[in-house]
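In case you want the letters, here they are:
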Amino acid sequence: MEIAVIMCYCGRNEQWLIDAIDSLHSSKHNVYVFLHLDGCKEPTRSLPGRVMFVQSPSRVGYANGINKCM
């Protein structure tokens, strides 16, 4: 089974982001993560699994970020 997950990240706590994505990939399913970077740069550490970035140059908020990923 393949699952798509959309997440928003605004650059506050990179470790929480890594832990969340890591927990998604620990399942037996193929998980694709679409990560909206809300006014921030890509995380400095590599992220586990399949992660596609959608970036906004300035903060647009959670709802707009989710819509942008869809």
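Residues numbered from 1 in each chain as written. Predicted model: local features only at pLDDT ≥ 70, side-chain atom pairs only at ≥ 80, totals over all residues. Heavy atoms only, no water.

Asks: Looking at this structure, how should I read the sheet that holds strand β1 (residues 2–9)?
Replies: Strand pairing in a sheet relies on backbone hydrogen bonds, with the paired strands running either antiparallel or parallel. On the basis of which strands lie adjacent, the open sheet formed by three strands has the order β1-β2-β3 and parallel pairing. Lying at the two open borders of the sheet, with one neighbouring strand each, are β1 and β3 (50–56). Strand-to-strand twist in this sheet, taken as the mean axis angle between neighbours without regard to direction, amounts to 20 degrees. Sheet analysis places strand β2 (residues 30–38) next to β3, joined by seven bridges and oriented parallel. Its bridge partner being in β3, Y32 is matched across the sheet by R50. Contacts from helix α1 (residues 14–25) reach β1, β2 and β3 within the one sheet, and its direction differs from that of β1 by about 170 degrees. (Pairing = 2+ DSSP bridges. Helix = DSSP H or I, 4+ residues; strand = E, 2+ residues; numbered from the N terminus. Axes fitted to C-alpha atoms, helices over the stretch in contact; angles between N-to-C directions. Contact = heavy atoms within 4.5 Å.)

Asks: Would you explain α1 in this entry?
Replies: Every α-helix winds through 3.6 residues per turn, so residues three or four apart in the chain are directed the same way. Helix length check: α1, at twelve residues, gives a terminal C-alpha distance of 17 Å against a target of 16 Å (1.5 Å per residue), a fit within 8%. Restricting attention to buried positions, one finds in α1 the residues E14, L17, I18 and I21. The buried residues of α1 occupy an angular sector of 95 degrees when projected down its axis, which confines them to one face. Tucked into the core, α1 has its buried residues touching β1, β2 and β3. Where α1 begins, one side-chain oxygen reaches toward the backbone nitrogen of Q15, 3.1 Å away; that side chain belongs to N13. (Expected span 1.5 Å × (residues − 1). Buried < 20%, exposed > 50% of the residue type's maximum accessible area, 1.4 Å probe, protein only. Arc of directions from axis to C-beta. Polar contact = N/O pair within 3.5 Å; in protein donor to acceptor, adjacent residues only side chain to side chain.)

Asks: Is there a simple way to think about the environment of R50 in this case?
Replies: As for its position among the elements, R50 is in strand β3. Each C-alpha atom, one on R50 and one on H25, is 8.6 Å from the other, the two residues being 25 residues apart in sequence. When near neighbours in sequence (up to four residues on either side) are disregarded, R50 contacts H25, N30, V31, Y32 and V33.

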